[in-house]
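# Fold and contact review
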Amino acid sequence: MTKKTERSGKTERSGKTERSGTLKSALASTALAALVCAAFAGGAVAESVKVGVLNDQAGVQADFAGAGSVVAAKMAIADFGGKVAGMPIELVAADHQNKADIGVNVTRQWFDTDGVDAVLDVPNSAVALGVSGIARQKNKVVIISGGGTSDLTGKDCSPNTVHWTYDTWAQANTVGTAVTKAGGNTWYFISVDYAFGHALERDAGEAIKAAGGKILGTVRHPLGTSDLSSFLLQGQASGAKVIGLGSAGADTINAVKQASEFGIVKAGQKLVAMLMVLNDISALGLETAQGLFLSEAFYWDLNDQTRSFAKRFAEANGGRYPNMVHAGVYAGLLHYLKAVEKVGSAKDGAKVVEAMKAIPTDDPLFGKGAVRPDGRAIHDMHLFEVKSPAESKGPYDFYKLIATVPADKAFRPLAAGNCPLVK
């Protein structure tokens, strides 16, 4: 009995093993057949369009772009309907930590391994230039909103890159020209020491000199410098009527705060932020920031459409309102999706950018415009003065509109950028 039972047990186990193996083989054959059938039907793998927001998520430019740009991208995808050319739209995000090597490595992995078709935002000009180069190598797309150097549509222009929101030339032209013509004809620059600061100095200097002004001196500081006192004191000692801040994010905020502590503006010099956005003013407070001149391509309170967008954005962003960088991510992504819809695929980046240039731009935040052959998206730019506490009527009511520079005048003339793509 014992031996029979053992034999029976072995037989049963053997039967189970045989049946299991047969079942696995059948399932494998069925799965393979399904894949083969799907392949012949043209749908072995469901295709999607994948975009990635690449920016500073936790450092000195986190409020400048950061999580707000991810919110803006999500809104654009939802407003487009979640699909393009019948394909679902996916979104990923990463922190480049303001380091060009990290930004380039993330971008390369996104393109080579993760199936990303387009990269958005990319504040920090050094990172933006590197990412633009990778996009060209891999024939993908990059739409810059946060990065500022005008070289992106000048000597370093690319058939795979669109520069959407602002650039150093536009900022310098809008603010530098207006302030110089209003009497601020001598300048001293305090700039961040990387590609953005260098380009801003160059472009601002040209605009100021063309308006009849002079640059009395410049000094540069590393990105993320907390103590700017020595640089500000040099600017104060220069005797310049205007101290221009060639930086962004926390660097600019620190400079304005410390300039206020030194009484630089009260002593008679004008402080001009060459790049400052709405959230910077929120961090400073109107008591400190009042009277500053700055330029943005977007302000939430310009019209009913910008106000509607800002309300929706704030609801999704913890009550914080959008700045021009966030608006640029939204509008740039919408235009990209229109181009993908026209082309029918996102896989050929240069072809998609060609379509972006062929289709006139038209969105609720920037209005009507165009993407030029050099990749520059053109639209109006605005000169604002920061309100005093008494003038502000509510949260984020920070700006007085001083002037609007029309799209055809706001950016560097097409022929002047030396972009190889311009015939």
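Please read these numbers as outputs of a predicted model, since none were measured by experiment. (Residues numbered from 1 in each chain as written. Predicted model: local features only at pLDDT ≥ 70, side-chain atom pairs only at ≥ 80, totals over all residues. Heavy atoms only, no water.)

If you trace the 6 strands from one edge of the open sheet to the other, you get β2-β3-β1-β4-β5-β6, paired in mixed fashion. Sheet topology places β2 (83-84) and β6 (161-163) at the edges, where each strand pairs with a single neighbour. Note that strand β4 (residues 118-121) and strand β5 (residues 141-144) share 4 bridges and pair parallel. Note on β5: the bridge partner recorded for Val-119 is Val-142. Those strands touched by helix α4 (residues 125-138) are β1 (49-55), β4, β5 and β6, and its axis lies near 155 degrees from that of β5. Those strands touched by helix α12 (residues 324-343) are β1, β2, β3 (87-95), β4 and β5, and its axis lies near 155 degrees from that of β4. (Pairing = 2+ DSSP bridges. Helix = DSSP H or I, 4+ residues; strand = E, 2+ residues; numbered from the N terminus. Contact = heavy atoms within 4.5 Å. Axes fitted to C-alpha atoms, helices over the stretch in contact; angles between N-to-C directions.)

All right, on to the state of the cysteines then. Two cysteines whose sulfur atoms are joined by a covalent bond form what is called a disulfide. This structure, assessed with the given rule, holds 1 disulfide. Disulfide partner of Cys-157: Cys-419, at an S-S distance of 2.0 Å. Note on the Cys-157 and Cys-419 pair: the S-S dihedral is about 85 degrees, so by sign convention the disulfide is right-handed. Note that Cys-157 is positioned in the loop between β5 and β6 and Cys-419 in the segment after α14 (407-410), a separation of 262 residues in sequence. Residues Cys-157 and Cys-419 agree in their burial class; the two are buried. (Disulfide = S-S within 2.5 Å. Buried < 20%, exposed > 50% of the residue type's maximum accessible area, 1.4 Å probe, protein only.)

Applying the stated criterion to the full structure yields 14 aromatic pairs. Seen in terms of ring centroids, Phe-298 and Phe-366 are 6.4 Å apart; in terms of plane orientation they differ by 40 degrees. Their pairing is tilted. Taken together, the residues Phe-298 in the loop between β11 (293-296) and α11 (304-316) and Phe-366 in the loop between β12 (361-363) and β13 (367-371) connect sequence positions 68 residues apart. Phe-298 gets classed as buried once you look at its relative accessible area, which sits at 1%. Taken together, the aromatic side chains of Tyr-299, Trp-300, Tyr-321, Phe-384, Tyr-396, Phe-398 and Tyr-399 make up a single cluster linked through ring pairs. (Phe/Tyr/Trp six-rings, centres within 6.5 Å; stacked < 30°, edge-to-face > 60°.)

Another aspect to go through is the side chain of Thr-252. Here Thr-252 is to be found in helix α8 (residues 249-261). Here Thr-252 falls in the buried class, since its relative accessible area comes to 0%. Here Thr-252 is in contact with Leu-245, Ser-247, Ala-273, Leu-275 and Met-276, once residues within four sequence places are set aside.

Attention now moves to the pairing of β1. Burial runs high along β1: 7 of the 7 residues are buried. Alternating residues of β1 divide into Val-49, Val-51, Val-53 and Asn-55 and Lys-50, Gly-52 and Leu-54, and every residue in both groups is buried. Sheet topology places β1 next to β3; 7 bridges connect them, and they run parallel. Bridged to Asn-55 within β3 is Asp-95. Note: β1 against β4, 4 bridges, orientation parallel.

A few words now on the pattern of salt bridges. A full pass over the atoms with the stated rule returns 16 salt bridges. We note a salt bridge from Arg-307 to Asp-301, for which the minimum N-O separation is 2.9 Å. Overall, the relative accessible area of 28% leaves Asp-301 in the partly exposed class. Between Lys-387 and Asp-397 there is a salt bridge, with its nearest N and O atoms 2.7 Å apart. Residue Lys-387 is found in the loop between β15 (381-386) and β16 (399-405), and its partner Asp-397 is found in the loop between β15 and β16; the two are separated by 10 residues along the sequence. Exposure remark for Lys-387: the relative accessible area of 13% places this residue in the buried category. Bridged by salt links that share partners, the residues Asp-117, Lys-140 and Lys-347 form one connected network. (Salt bridge = Lys/Arg side-chain N within 4 Å of Asp/Glu carboxyl O.)

Running from amino to carboxyl end, helix α2 (residues 66-80) crosses α12 at an angle of 35 degrees, the nearest separation of the two axes being 8 Å. Crossing hand, α2 versus α12: right-handed. Contact residues: α2 offers Gly-68, Ser-69, Ala-72, Ala-73, Met-75, Ala-76, Ile-77, Asp-79 and Phe-80, while α12 offers Val-325, His-326, Val-329, Tyr-330, Leu-333, Leu-334, Leu-337, Lys-338 and Glu-341. Grouping the amino acids of the contact of α2 with α12 by side-chain chemistry returns 12 nonpolar, 3 polar and 3 charged. (Left-handed = near helix turned anticlockwise from the far one by under 90°. Nonpolar A, V, L, I, M, F, W, Y, C, P; charged D, E, K, R; others polar.)

Our focus in this paragraph is helix α7 (residues 229-238). Those residues of α7 that sit buried are Ser-229, Phe-231, Leu-232 and Gly-235. The buried residues of α7 occupy an angular sector of 165 degrees when projected down its axis, which confines them to one face. On the buried face of α7, the contacting elements are β7 (186-192), β8 (214-221), β9 (242-246) and α8. (Arc of directions from axis to C-beta.)

The next point concerns the nonpolar core. One finds Met-274, Ile-281, Leu-333, Tyr-336 and Tyr-399 to be the most contacted residues of the largest nonpolar core, which totals 107 residues. At 12 residues, α12 tops the list of elements feeding residues into this core. Setting aside chain neighbours within four positions, we find Tyr-399 in contact with Met-276, Val-277, Leu-278, Ile-281, Leu-294, Glu-296, Tyr-299, Phe-384, Glu-385, Val-386 and Lys-387. (Core = buried A, V, L, I, M, F, W, Y, C linked by side-chain atoms within 4.5 Å.)

Across the sheet, 3 strands lie side by side as β12-β13-β14; this open sheet has antiparallel pairing. Of all strands in the sheet, those with a lone pairing partner are β12 and β14 (377-378), marking the two edges. Taken together, the 2 bridges between β13 and β14 define a ladder with antiparallel strand orientation. Each bridged residue has a counterpart across the sheet, and for Ala-370 the counterpart in β14 is Ile-378.

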